[in-house]
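Here is what each chain is made of, one letter per residue.
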Amino acid sequence: MSTLHDIDPECTGSDCDPVETIILPRAGDIGGFEVQRVLPSRERQMVGPFIFWDQMGPGEFLTGKGVDVRPHPHIGLSTVTYLFSGSLDHKDSLGYDERILPGDVNVMTAGSGIVHSERTGQDVRQEPSDLFGIQSWLALPQKH
């Protein structure tokens with residue numbers, strides 16, 4: 001974590017642009033867990049290649065509980081998942097079966113199509129657990 005121990009800088013002169021848009025996230029459920037989705041919004045449909053930007057948690061699960069995003073398809077995008085705490089088990093139709101842990105970067109590319117699921121592992125459900133992470137969805141160029 002970085003800390004700036006000085007006072008907040010003031011913006012003066014013609015180089016200072018006001019904040020264009022403030023976007024408040026919407027809550028959505030992904031298999032028993034709330035996600036805050038910032039993009040898309042009514043005010044901003046896309047920002048560059050980003051078509052979705054989600055924050056997962058922070059949240060806690062009781063023993064026996066967890067995330068259950070069942071198998072579903074994607075096409076024409078890549079997802080980038082990063083966890084600050086907890087874990088997710090990613091399985092997909094290309095044969096990948098990976099546990100995503102804090103500090104890992106999981107990239108899934110669904111060019112012409114993929115089916116995947118994300119769940120809390122059965123071993124993790126044997127005791128209380130937590131989850132906190134982000135996931136960005138990136139639109140792929142048509143040729144990919």
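As shown above, the structure is provided for reference.
Since this is a predicted model, take the numbers as computed values, not measurements.

The number of helices and strands found in the protein is zero helices and ten strands. Along its sequence from the N terminus, the protein presents helices and strands in the succession β-β-β-β-β-β-β-β-β-β. Counting only residues that meet the buried cut, the protein has 31% of its 144 residues in that class. Element-wise, carbon and sulfur atoms account for 54% of the exposed surface of the protein, whose accessible area totals about 9,700 Å².

A separate point is the packing of aromatic side chains. Within the structure shown, the criterion is met by two aromatic pairs. Aromatic pair tyrosine 82 and phenylalanine 84: ring centres 5.3 Å apart, planes at 75 degrees, arrangement edge-to-face. With centroids separated by 4.9 Å and ring planes inclined at 40 degrees, the aromatic side chains of phenylalanine 84 and phenylalanine 132 adopt a geometry described as tilted. Here the residue phenylalanine 84 occupies a position in strand S5 (residues 77-85), and phenylalanine 132 occupies one in strand S10 (residues 129-139), the gap between them amounting to 48 residues. Note on phenylalanine 84: relative accessible area 43%, which makes it partly exposed. By way of ring pairs, the aromatic residues Tyr82, Phe84 and Phe132 are connected into one cluster.

This part is about the pattern of salt bridges. One pass over the full model with this rule turns up five salt bridges. Between arginine 119 and aspartate 68 there is a salt bridge, and its shortest N-O distance comes to 4.0 Å. Residue arginine 119 is found in strand S9 (residues 114-119), and its partner aspartate 68 is found in strand S4 (residues 68-74); the two are separated by 51 residues along the sequence. For arginine 99, the salt bridge identified is with aspartate 89, shortest N-O distance 2.6 Å. A residue pair is termed long-range when its members are at least 10 positions apart, and arginine 99 in strand S7 (residues 97-100) and aspartate 89 in strand S6 (residues 88-92) qualify at ten residues. Take arginine 99: its relative accessible area is 31%, and that puts it in the partly exposed class. A network of salt bridges, in which partner residues are shared, links Asp68, Arg119 and Arg125.

What follows concerns the nonpolar core. Core analysis: the biggest nonpolar cluster contains ten residues, these being Phe33, Val35, Met56, Phe61, Val67, Val69, Leu83, Leu88, Ile100 and Leu131. Once residues within four sequence positions are removed from consideration, phenylalanine 33 is found in contact with Gly28, Met56, Gly57, Gly59, Phe61, Val67 and Leu131.

Among the structural elements, aspartate 97 can be located in strand S7. Each C-alpha atom of the pair aspartate 97 and glutamate 118 lies 9.9 Å from the other, and the pair is 21 residues apart in sequence. When sequence neighbours within four positions are dropped, the list of residues in contact with aspartate 97 reads His90 and Lys91.

Let us now look at the sheet that holds S4. Spatially, four strands are ordered S4-S9-S6-S7 in an open sheet, and the strand pairing comes out antiparallel. Since the sheet does not close on itself, it has two edges, and those belong to S4 and S7, each with one partner. Across the sheet, the mean angle from the axis of one strand to that of its neighbour is 20 degrees, orientation sign disregarded. Both S6 and S7 contribute to a ladder of four bridges, which runs antiparallel. When the bridges of S7 are listed, histidine 90 appears paired with glutamate 98.

Calculation notes
- Residues numbered from 1 in each chain as written.
- Predicted model: local features only at pLDDT ≥ 70, side-chain atom pairs only at ≥ 80, totals over all residues.
- Heavy atoms only, no water.
- Helix = DSSP H or I, 4+ residues; strand = E, 2+ residues; numbered from the N terminus.
- Buried < 20%, exposed > 50% of the residue type's maximum accessible area, 1.4 Å probe, protein only.
- Areas by Shrake-Rupley, 256 points an atom, 1.4 Å probe, with all protein chains shown as cover.
- Phe/Tyr/Trp six-rings, centres within 6.5 Å; stacked < 30°, edge-to-face > 60°.
- Salt bridge = Lys/Arg side-chain N within 4 Å of Asp/Glu carboxyl O.
- Core = buried A, V, L, I, M, F, W, Y, C linked by side-chain atoms within 4.5 Å.
- Contact = heavy atoms within 4.5 Å.
- Pairing = 2+ DSSP bridges.
- Axes fitted to C-alpha atoms, helices over the stretch in contact; angles between N-to-C directions.

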